[in-house]
Amino acid sequence: MTPNTATVTVATDTVELLVGIFRDVLRLPELTPETDFYEAGGDSLTAFQITGRLQEHLGADVPVSLVFAYPTPRELAEVVDADYGTA
C-alpha cells in the first residue's frame, strides 16, 4: 500500500464516521458526504451534537465553529484528519 492510498483510506474512514454522525443528528438517512449542514437543516444545537459525538471518537476537543466553517462531512473530515488525526 502506498502512502497516498493509506491517506485516502484513513480519510474515507473519517468521512464515513462523520456521515454517520450527521445522519443520526440531523435524522437524514439519505445524507451523503457532500450534503451541506445548513441545507440539511442544521443549526447551532445540532452542530454541538455533531462535535460532541466527534469528540467522543477522537478524545479531543473539536470546536463547533469547524462545523460552520466546513459544512459537509467530507470537508470537515479533511480538517479533522489534518488537525486531530484520524477518527
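Residues numbered from 1 in each chain as written. Predicted model: local features only at pLDDT ≥ 70, side-chain atom pairs only at ≥ 80, totals over all residues. Heavy atoms only, no water.

### Focus on the nonpolar core
Turning to step 1, where the next piece is worked out: Counting residues in each nonpolar core, the largest one holds 24 residues, and the members touching the most others are Phe22, Leu26, Leu31, Phe37, Ile50, Leu54 and Leu76.
Turning to step 2, where the next piece is worked out: Broken down by secondary-structure element, the contributors of at least two residues to this core are α1 (3–26), α2 (44–58), α3 (65–69) and α4 (73–84).
Turning to step 3, where the next piece is worked out: Residue contacts for Phe22: discarding those within four places in its chain leaves Arg27, Leu31, Phe37, Ile50, Pro71, Thr72, Pro73 and Leu76. (Core = buried A, V, L, I, M, F, W, Y, C linked by side-chain atoms within 4.5 Å. Buried < 20%, exposed > 50% of the residue type's maximum accessible area, 1.4 Å probe, protein only. Helix = DSSP H or I, 4+ residues; strand = E, 2+ residues; numbered from the N terminus. Contact = heavy atoms within 4.5 Å.)

### Some words on the confidence of the model for the protein
Turning to step 1, where the next piece is worked out: Predicted confidence across the protein gives a mean pLDDT of 88, with 84% of residues reaching 70 or more.
Turning to step 2, where the next piece is worked out: Considering each helix and strand of the protein separately, the mean pLDDT is smallest for α1, with a value of 76, and largest for α3, with 97.
Turning to step 3, where the next piece is worked out: A low-confidence stretch, residues 1–10 (pLDDT under 50), is modelled with three contacts involving residues beyond four sequence positions or located in other chains. (pLDDT = per-residue confidence, 0-100.)

### Describing the side chain of Thr51
Turning to step 1, where the next piece is worked out: Following the sequence through the fold, Thr51 ends up in helix α2.
Turning to step 2, where the next piece is worked out: At 3.2 Å, the side chain of Thr51 and the backbone oxygen of Phe48 are in polar contact.
Turning to step 3, where the next piece is worked out: With residues near it in sequence (within four places) discarded, Thr51 still touches Val62, Pro63, Val64 and Val67. (Polar contact = N/O pair within 3.5 Å; in protein donor to acceptor, adjacent residues only side chain to side chain.)

### Digging into the pattern of salt bridges
Turning to step 1, where the next piece is worked out: Taken as a whole, this structure holds two salt bridges when the rule is applied.
Turning to step 2, where the next piece is worked out: A salt bridge links Asp24 to Arg53; the nearest nitrogen and oxygen atoms lie 2.0 Å apart. Remark: Arg53 occurs in helix α2 and Asp24 occurs in helix α1; sequence separation between them is 29 residues.
Turning to step 3, where the next piece is worked out: Between Arg74 and Glu34 there is a salt bridge whose closest N-O contact spans 2.5 Å. Here the residue Arg74 occupies a position in helix α4, and Glu34 occupies one in the loop between α1 and α2, the gap between them amounting to 40 residues.
Turning to step 4, where the next piece is worked out: By relative accessible area, Arg74 is classed as partly exposed at 36%. (Salt bridge = Lys/Arg side-chain N within 4 Å of Asp/Glu carboxyl O.)

### So, α2
Turning to step 1, where the next piece is worked out: Here α2 contains 15 residues, and its C-alpha end-to-end distance of 21 Å stays within 8% of the 21 Å for a straight helix at 1.5 Å per residue.
Turning to step 2, where the next piece is worked out: Inspection of α2 places Thr46, Ala47, Ile50, Thr51, Leu54 and Leu58 among the buried residues, and these make up the whole buried set. Down the axis of α2, the sector holding all buried residues measures 135 degrees, keeping them to one side. Among the exposed residues of α2, those oriented more than 90 degrees off its buried face are Leu45, Phe48 and Glu56.
Turning to step 3, where the next piece is worked out: Where α2 begins, one side-chain oxygen reaches toward the backbone nitrogen of Leu45, 3.1 Å away; that side chain belongs to Asp43.
Turning to step 4, where the next piece is worked out: The first or second residue beyond α2 is Gly59, which carries a positive phi of 70 degrees. (Expected span 1.5 Å × (residues − 1). Arc of directions from axis to C-beta.)

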